[in-house]
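Descriptive analysis of the structure
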Amino acid sequence: MPAASRETCRHCRHASYAHVDGECLARDQEGTCGCVRFDAVQRKIRQRTWLVTVAFFEKNRWTPDVTLRVQASTMGGAALKALRQAKRERTTRRHIQQIRVTLVPVPKA
Ligand SMILES: [Zn+2]
Ligand SMILES: [Zn+2]
């Protein structure tokens, strides 16, 4: 588990290193904590798959839609990733007047 020493317990809020052999040895005015089960606070960011359709408006017309599959945790992140990729794959250097982005989260199989 990465950065385990910085994780805190979900039950007693003490750091993971205070929990020795599953028992929390952190002390306060009332004695040892006594928490017997360390449970890390869930902090992992769940990534999900998005189908992002990107189109550029350039020279008074919309380019054909490009659909990209990206991994991101938020809608904004997915849009950004897809945009970056779509721009990289553009074949023209025309000025982009408008951008259209449609996001659809892909349901987990
Ligand atoms: Zn504790
Ligand atoms: Zn605890």
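One can find the structure itself at the top, above this paragraph.
In this report, the structure presented in the accompanying data block is examined.

Parameters and conventions
Residues numbered from 1 in each chain as written. Chains lettered and ligands numbered in written order. Predicted model: local features only at pLDDT ≥ 70, side-chain atom pairs only at ≥ 80, totals over all residues. Helix = DSSP H or I, 4+ residues; strand = E, 2+ residues; numbered from the N terminus. Buried ≥ 20, exposed ≤ 12 C-beta atoms within 10 Å, placed from the backbone. Pairing = 2+ DSSP bridges. Contact = placed C-beta atoms within 7 Å. Core = buried A, V, L, I, M, F, W, Y, C linked by C-beta atoms within 7 Å. Expected span 1.5 Å × (residues − 1). Arc of directions from axis to C-beta.

All right, on to the overall build of the protein chain then. A count of helical and extended segments in the protein chain gives one helix and eight strands. The helix and strand sequence of the protein chain, counted from the amino end, reads β-β-β-β-β-β-β-α-β. With 109 residues in all, the protein chain has 13% of them scored as buried.

For strand S8 (residues 98–105), the tally of buried residues reaches only zero of eight residues, placing the bulk of the element at the surface. Direction of pairing for strand S5 (residues 48–58) relative to S8: antiparallel, over a ladder of eight bridges. Bridging across to S8, Ala55 finds its partner in Arg100.

This brings us to the environment of Arg94. Position of Arg94 among the secondary structure elements: in the loop between helix H1 (75–88) and S8. Each C-alpha atom, one on Arg94 and one on Glu58, is 6.5 Å from the other, the two residues being 36 residues apart in sequence. Leave out the neighbours within four places in its chain, and Arg94 touches Glu58 and Lys59.

Once that is clear, we can look at the nonpolar core. As a rule of thumb, nonpolar side chains are buried together in soluble globular proteins. Trp50, Val52, Val54, Val70, Ala72, Ala78, Ala82 and Ala86 form the largest nonpolar core, which has eight residues in total. The set of elements that each furnish at least two residues to this core consists of S5, strand S7 (66–72) and H1. Not counting chain neighbours up to four residues away, the residues in contact with Ala78 comprise Trp50, Val52, Val70, Ala72 and Leu103.

What follows is about the environment of Val101. Examined against the element boundaries, Val101 turns out to sit in strand S8. Remark: the alpha-carbon pair of Val101 and Val52, spanning 49 residues in sequence, is separated by 6.7 Å. Dropping the residues within four chain positions of it, Val101 is found in contact with Val52, Val54, Ala79, Ala82 and Leu83.

For H1, built from 14 residues, the straight-helix expectation of 20 Å at 1.5 Å per residue is met to within 8% by its first-to-last C-alpha distance of 20 Å. If you check which residues of H1 are buried, you get Ala78, Ala82 and Ala86. An end-on view of H1 places all buried positions within 60 degrees of arc, on one side of the element. More than 90 degrees from the buried face of H1, the exposed residues found are Gly76, Arg84, Lys87 and Arg88.

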